[in-house]
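Spelled out, the chains give:
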Amino acid sequence: MEDNKQIIVKDANVLVSGAREIGEYLRTISQSATFITSPVQNLNDRILSFVYQCKKMKPEELAKCTRGSIAEAFKTSLDVGLPVNAYQLAYLTKYGNELTYHIGYKGYLYKIRQLRKGAYVEVHLLWPEDEFSYQSQSGRAEYTYKPEKPVRADFNAATGGFVYMAWTENGREYSCIHTMSREEIENAKKASKAKFGPWQTWPGEMMKKVLLRRACKLEFIGDPEMERILETDNREYEPAARTAAQPETVNYADVQPLDEPEAAEIIDAPADSGEAGE
């Protein structure tokens, strides 16, 4: 698996002036063989969608981002194959003067569907009044789930959640269920560098992302593409994996999520799209 350490960027600490400069800058550095280590389809489209997401920032905030953090965020999006675009597979967050790349809940859904063609995925949060039970053996899982309410937004009252996956491989049907308690989800939140940003803005989406992240760690052991995504996502959770794009000292009052995902209680992975991934 490629070692995705911070790249060396000329004038990395220089602040950009705006979205136009970011676009020109990314086109220039993307010509370097050391920047892109493998062919990337629709590179110009990737740059345009990245810049479009940057434009959602206030101009005065965007002008405070460093070139180095922008280059690192864009390169990471290329390396993991989950672009920053309208599909919300990944998103950008600003910490101080650093623009950082984060894999989204829908990014995990997309990658699962890409690695296991036709996979069906459900992600549910659970509340005290919900009915839920399950059993799993020999590669098959069954569950009973009856929510007390079809749609809820009182995430602070959630008691946990579960992920259900079903797919076909070599003519055989497989399925699995992975659960997490509220305590486990809270522990992930406490370890996350984004706990003062996206966790406050999109609590339901972030809780579901934690559930999917756990399921993918268990179900895709040894898969290089998923392990690359998990390794990238670990930077959000593991202090030992900090990069210059995630400094030791951060003014979390400056955290600016750039886009708000659409809420959904039951989500099947999106259909494959050439624009959404490789």
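Here the structure is a predicted model, which means the values were calculated and not measured. (Residues numbered from 1 in each chain as written. Predicted model: local features only at pLDDT ≥ 70, side-chain atom pairs only at ≥ 80, totals over all residues. Heavy atoms only, no water.)

### Considering the pairing of strand β4 (residues 131–137)
Argument step 1. Here β4 pairs with strand β5 (residues 140–146) via 7 bridges, running antiparallel. Looking at the pairing, glutamine 137 lines up with arginine 140 of β5.
Argument step 2. In this antiparallel pair of consecutive strands, β4 and β5, the connection spans 2 residues, and serine 138 shows a positive phi of 55°. (Pairing = 2+ DSSP bridges. Helix = DSSP H or I, 4+ residues; strand = E, 2+ residues; numbered from the N terminus.)

### What to know about the nonpolar core
Argument step 1. Grouped together as the largest cluster of nonpolar side chains are 66 residues, with contacts concentrated most on Leu26, Phe50, Ile112 and Leu212.
Argument step 2. Here this core gets 7 residues from one element, more than from any other, and that element is helix α8 (residues 203–219).
Argument step 3. Ignoring any residue separated from it by four or fewer positions in sequence, one finds leucine 26 in contact with Ile47, Phe50, Ile70 and Phe74.
Argument step 4. Membership of the second largest hydrophobic core comes to 6 residues, among which are Leu126, Tyr164, Ala166 and Ile177. (Core = buried A, V, L, I, M, F, W, Y, C linked by side-chain atoms within 4.5 Å. Buried < 20%, exposed > 50% of the residue type's maximum accessible area, 1.4 Å probe, protein only. Contact = heavy atoms within 4.5 Å.)

### Some points on helix α6 (residues 182–191)
Argument step 1. Turning to α6, its buried residues number three or more, namely Arg182, Ile185 and Ala188. For α6, the arc enclosing every buried residue in end-on projection is 125°, short of the 170-degree limit, so these residues lie on one face. When the buried face of α6 is taken as reference, the exposed residues oriented beyond 90 degrees from it are Glu183 and Lys190.
Argument step 2. Against β6 (160–169), β7 (172–181), α7 (198–201) and α8 lie the buried residues of α6. (Arc of directions from axis to C-beta.)

### Quick look at the sheet that holds strand β3 (residues 120–126)
Argument step 1. Judged by pairing direction, the sheet is antiparallel, and its 3 strands sit side by side in the order β3-β6-β7 without closing on themselves. Strands at the two margins of the open sheet, each flanked by one partner only, are β3 and β7. Going across the sheet, the axis of each strand differs from the next one's by a mean of 10°, ignoring polarity.
Argument step 2. Direction of pairing for β3 relative to β6: antiparallel, over a ladder of 7 bridges. Bridge pairing links leucine 126 to glycine 160 in β6. (Axes fitted to C-alpha atoms, helices over the stretch in contact; angles between N-to-C directions.)

### Description of the packing of aromatic side chains
Argument step 1. Overall, the coordinates contain 9 aromatic pairs when judged by the stated rule.
Argument step 2. Judged by centre distance (5.0 Å) and plane angle (90°), the ring pair of tyrosine 91 and tryptophan 202 falls under edge-to-face. Here the residue tyrosine 91 occupies a position in strand β1 (residues 90–95), and tryptophan 202 occupies one in the loop between α7 and α8, the gap between them amounting to 111 residues. With respect to class, tyrosine 91 is no different from tryptophan 202; both count as buried.
Argument step 3. Seen from their ring centres, tyrosine 143 and tyrosine 164 are 5.1 Å apart, and the 55° between their planes marks the pair as tilted. On the criterion of sequence distance, the pair formed by tyrosine 143 in strand β5 and tyrosine 164 in strand β6 is long-range, its members being 21 residues apart.
Argument step 4. Ring-pair connections join several aromatic residues into one group, and the members of that group are Phe132, Tyr134, Tyr143, Tyr145, Phe162 and Tyr164.
Argument step 5. In this structure, arginine 116 packs its charged tip against the face of tryptophan 167, placed 3.9 Å from the ring centre.
Argument step 6. Taking NZ or CZ as reference, arginine 116 lies 4.3 Å from the ring centre of phenylalanine 220, over its face. (Phe/Tyr/Trp six-rings, centres within 6.5 Å; stacked < 30°, edge-to-face > 60°. Lys NZ or Arg CZ within 6 Å of the ring centre and 35° of its normal.)

### Things to note about the packing of helix α1 (residues 19–29) against helix α2 (residues 43–55)
For any two helices packed against each other, one specifies the inter-axial angle together with the distance between the axes.
Argument step 1. Two elements in contact, α1 and α2, have axes separated by 9 Å at closest approach and are oriented at 155°. Between α1 and α2, the interaxial angle falls into the category roughly antiparallel. Relative to α2, the crossing made by α1 is right-handed. Residues Ala19, Ile22, Gly23, Leu26 and Arg27 of α1 form the contact with α2, whose participating residues are Asn44, Ile47, Leu48, Phe50, Val51, Cys54 and Lys55.
Argument step 2. Here the contact of α1 with α2 is composed, by residue class, of 8 nonpolar, 2 polar and 2 charged. (Parallel < 35°, antiparallel > 145°, perpendicular 65-115°, else oblique. Left-handed = near helix turned anticlockwise from the far one by under 90°. Nonpolar A, V, L, I, M, F, W, Y, C, P; charged D, E, K, R; others polar.)

### Here we look at unusual backbone geometry
Argument step 1. Its identity is not glycine, yet asparagine 42 carries a phi of approximately 55°, on the positive side.
Argument step 2. One can find asparagine 42 in the loop between α1 and α2.
Argument step 3. In this model, serine 138 sits at a positive phi of 55°, which is unusual for a non-glycine residue.
Argument step 4. Take serine 138: it is sitting in the loop between β4 and β5.
Argument step 5. Looking at serine 138, the relative accessible area reads 62%, which means it is exposed.

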